[in-house]
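Observations on chain architecture
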Amino acid sequence: MVREQPQQQQQQQPVSQMSYTVEQLVALNPYNPDILPDLENYVNEQVSSQTYSLDANLCLLRLYQFEPERMSTQIVAHILVKALMAMPAPDFSLCLFLIPERVQMEEQFKTLIVLSHYLETARFRQFWDEAAKSRHIVEVVPGFEQAIQAYAIHVLSLTYQKVPRPVLAEAINIEGLSLDKFLEHQVANSGWILEKGQGRAHQLIILPRNEFNHPELKKGTGESVPLQHITRIFPILG
Amino acid sequence: MESTYDYDDTVKHQQQQTDLGYDPNFVPDSVKSFVVHLYRHIREKNVYEIHQMYEGSFQTLSDRMFKESPWPSVDAISQYVDQDHVFCLLYREMWFRHLYARLSPTLKQRIDSWDNYCSLFSVVLHGVVNMQLPNQWLWDMVDEFVYQFQSFCQYRAKMKNKTEQEIALLKQFDQAWNVYGVLNFLQALVEKSQIIQILDQEKEGLEQFTATDGYDYNGGSNVLKVLGYFSMVGLLRVHCLLGDYQTGLKCLLPIDISQQGVYTSVIGSHITTIYHYGFANLMLRRYTDAIREFNKILLYIYKTKQYHQKSPQYEQILKKNEQMYALLALCLSLCPQVKLVEETVNSQLREKYGEKMIRMQRHDEEAFALYDELFSYACPKFITPSPPILEEPLVNYNQDAYRLQLKLFLYEVKQQQSLAGVRTFLKVYSTISVGKLATYMEVDEPTLRTILMTYKHKTHAIDPDGKVISTADVDFFLDDDMIRVIESKPAKQYGDYFLRQIVKLEGVMTDMDRIRLE
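Every value quoted in this text rests on a predicted model; they were computed, and no experiment measured them.

Cut-offs used in this document
Residues numbered from 1 in each chain as written. Chains lettered and ligands numbered in written order. Predicted model: local features only at pLDDT ≥ 70, side-chain atom pairs only at ≥ 80, totals over all residues. Heavy atoms only, no water. Helix = DSSP H or I, 4+ residues; strand = E, 2+ residues; numbered from the N terminus. Buried < 20%, exposed > 50% of the residue type's maximum accessible area, 1.4 Å probe, protein only. Contact = heavy atoms within 4.5 Å. Lys, Arg positive; Asp, Glu negative; His and termini not counted. Charge placed at Lys NZ, Arg CZ, Asp CG, Glu CD. Pairing = 2+ DSSP bridges. Axes fitted to C-alpha atoms, helices over the stretch in contact; angles between N-to-C directions. Expected span 1.5 Å × (residues − 1). pLDDT = per-residue confidence, 0-100. Core = buried A, V, L, I, M, F, W, Y, C linked by side-chain atoms within 4.5 Å.

Details of the overall build of chain B
Each helix and strand in chain B was counted, giving 22 helices and five strands. Expressed as lengths along the three principal axes of its C-alpha atoms, the size of chain B is roughly 85 × 85 × 40 Å. For chain B, the residues scored as buried account for 56% of the 518 residues in total. Considering only contacts within chain B whose residues lie at least 6 apart along the sequence, 73% involve residues at least 24 apart. Positive and negative side-chain charges of chain B, numbering 55 and 66 respectively, have mean locations separated by a distance of 3 Å.

Details of the pairing of strand E1 (residues 160-164) of chain A
In terms of burial, E1(A) is a largely internal element, four of the five residues being buried. Here two bridges tie E1(A) to strand E4 (residues 475-479) of chain B, and the two strands are oriented parallel to one another. Among the inter-strand pairings, Tyr160(A) is bridged to a residue of E4(B), identified as Leu478(B).

A closer look at the sheet that holds strand E5 (residues 482-486) of chain B
Read from one edge to the other, the open sheet built from six strands follows the order E2(A)-E3(A)-E1(A)-E4(B)-E5(B)-E1(B), with strand pairing classed as mixed. The two strands at the open ends of the sheet, each matched to only one other strand, are strand E2 (193-195) of chain A together with strand E1 (431-433) of chain B. The sheet shows a mean angle of 30° between the axes of neighbouring strands, direction not considered. Bridging between E2(A) and strand E3 (residues 204-206) of chain A involves three bridges; their strand directions are antiparallel.

A look at helix H21 (residues 445-458) of chain B
Residue and element names in this part refer to chain B. Between the first and last C-alpha of H21 there are 20 Å, a value that for 14 residues agrees with the 20 Å anticipated at 1.5 Å per step. When you tally the buried positions in H21, you get eleven out of 14 residues, the bulk of the element. Taken together, the buried positions of H21 are Leu-448, Arg-449, Thr-450, Ile-451, Leu-452, Met-453, Thr-454, Tyr-455, Lys-456, His-457 and Lys-458.

What to know about the environment of Asn184(B)
Residue and element names in this part refer to chain B. One can find Asn-184 in helix H9 (residues 179-193). For Asn-184, a relative accessible area of 33% translates into the label partly exposed. Separated by 149 residues in sequence, Asn-184 and Val-35 have C-alpha atoms that sit 32 Å apart.

A word on the confidence of the model for chain B
All names here are of chain B. Scored by pLDDT, chain B comes out at a mean of 87, with 94% of its residues at no less than 70. Per-residue pLDDT, averaged within each element of chain B, yields its smallest value for helix H1 (residues 7-19) (43) and its largest for helix H13 (residues 267-283) (95). For this predicted complex, the interface confidence score (ipTM) comes to 0.86, while the overall pTM stands at 0.87.

Details of the environment of Ala367(B)
Residues and elements named next belong to chain B. Checked against the element boundaries, Ala-367 lands in helix H17 (residues 365-378). Judged by its relative accessible area of 0%, Ala-367 is buried. As a C-alpha pair, Ala-367 and Met-357 span ten residues in sequence and 8.7 Å in three-dimensional space. Those residues in contact with Ala-367 that sit more than four places away from it in its chain are Arg-359, Met-360, Arg-362 and Gln-417.

Things to note about the nonpolar core
In terms of nonpolar packing, the biggest core is built from 241 residues, with Leu112(A), Leu133(B), Trp137(B), Tyr229(B) and Phe409(B) touching the most fellow members. Of the residues forming this core, the biggest block, 13 residues, is contributed by helix H11 (residues 223-242) of chain B. Those residues in contact with Phe409(B), other than ones at most four positions away along the chain, are Leu282(B), Met283(B), Leu330(B), Leu334(B), Tyr371(B) and Phe375(B).

Here it is as structure tokens:
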């Protein structure tokens, strides 16, 4: 399934052409400490250009793990914020597995871990409250809010056919007139439907159908046989 | 085989060895005959005989004569094998392996063993090696290399009891078992052997590798190719030891584990591959992938166990078998897809962990403690790859890596702990209102909504291509305030069934054609 993403919310772009060389560096030298500065620059580039490469970031965390004295906590913080933005993928945990516990004890990382916990358990109200208190950590990374909203909408559309307006408002942290505008946009661009005939507080939003909120859309996966298995009977057929 | 020996102990130990009459220069006739024959078989590329001597004679002699002492030194035997450089490296590799398995290596010996691997792998990588060695032996080399690295990291991390001499040695030989060195050797073997390209070409029928179990019947050598192949499994393992599960699985990608392959030709390699593959997937929350592969290999071990009883790896097989049941219990507790598990495996699992698994479904401290217990029992021996900081007060840090992985795993468990409760209710209702279910679960409505969304998030994994894959055993959707439960009907796999039957029928027909009626 493709996650429904409103157009105005820019998801992190795939790695751009310019960064190709860093990707190549990682592929050719996965265990070479000399590429550490390149990878650090690359993290900053991902932040400013709103791109993302998990593999490059894991490679950098690995080099930090081998040579802890070279670790820059600021870079690590950027990597973790980017990983949060990649939800629902498990990237945040993948990064934490590589970061020594004593580093995780630092205040900014503790905050990020709490934020991740709220997202993992879909407690969006608490998440936005906590994020508001930690603007200095998350707002340095452009696109943060939009990425989390995209994740929230992803979880909502896995769960709901029709979502009550207040539930949506809480999850994406948009209210009142802004929410009206947001909904208008979604209706026009992403196939959302507003159920009529009720007051605003009781408004229901019909989310686009997918196989997870409309089970009848699920394809019969039982009937597909990979070609490789069929090749086994080629000699017989021939 | 973790060594807790400090320097003094080791000296004592060595003296004991001498007291008991160990003379590194004394070569008994049986050993002389062993090396002479082994050397000859290697030169004649007689893989069958090499395998017999390697698996049979070496173990028998070790049991009979070297139970508590090392084998004769390489210098003492080299005169019987034309001082052959490569043979001496191979002999030393076995020498150290035997030492690690039966005695406790000293720091100096650990360093010497590292040097020996460097020389051996360098010869394979840069020299023209013209041997044909049994897969079992080549697997053992990679396996032992990674094991000794792990053992060294554990040893080095216990800094509290180190003597000044040991610290001086650690400083002097700071490149020994260096994590970059270890990874780069494995990586170099993979690259230089071009094994990834070979496996690719094999898919197109341009190359044979799996069909000949990696052996070369055209006069070439299998050593680099097969070492490269097993090094991919070695990399998976090292990355798991480091907590880098994503990268580990990536290293294994060229091997198609849904099929038989060279990795299944050696039981130790088969088990190591699946154990780490399954563990990595457990940590990545891809529970169904882990369950499927654990199920397959546990069934395989169950059926073939008896054939390995005499193997030197038998104990290791049993231990990994038990650990994988524990991992399977963890996976199924988080993702109760019991229908993926075959009946034999399931009944074994119930016998071993049935009662614990029921308690793990609860939402309390005891359940939590059980997750802790099973994880700690079954996880790999995690390592901290960086050397100690010698300027600071020396502390033991050998538990750090394990504690971190455990803690993060338990985070995940905690996040999922209320899901078992929801599951129970979803199984008995086809529709229920949010309000009613909230009352039953003794939470308020907003909390229940977050639990339901958590359930959806945790049961919908992201596959390597970024696609959403449902792993839910019970699923539902929300229509405003109503929860509608989706009945899950298992999709029957007719396709595979028919394919198997077609092949079977063809076999029967071929057999019948052969019968000549008088």
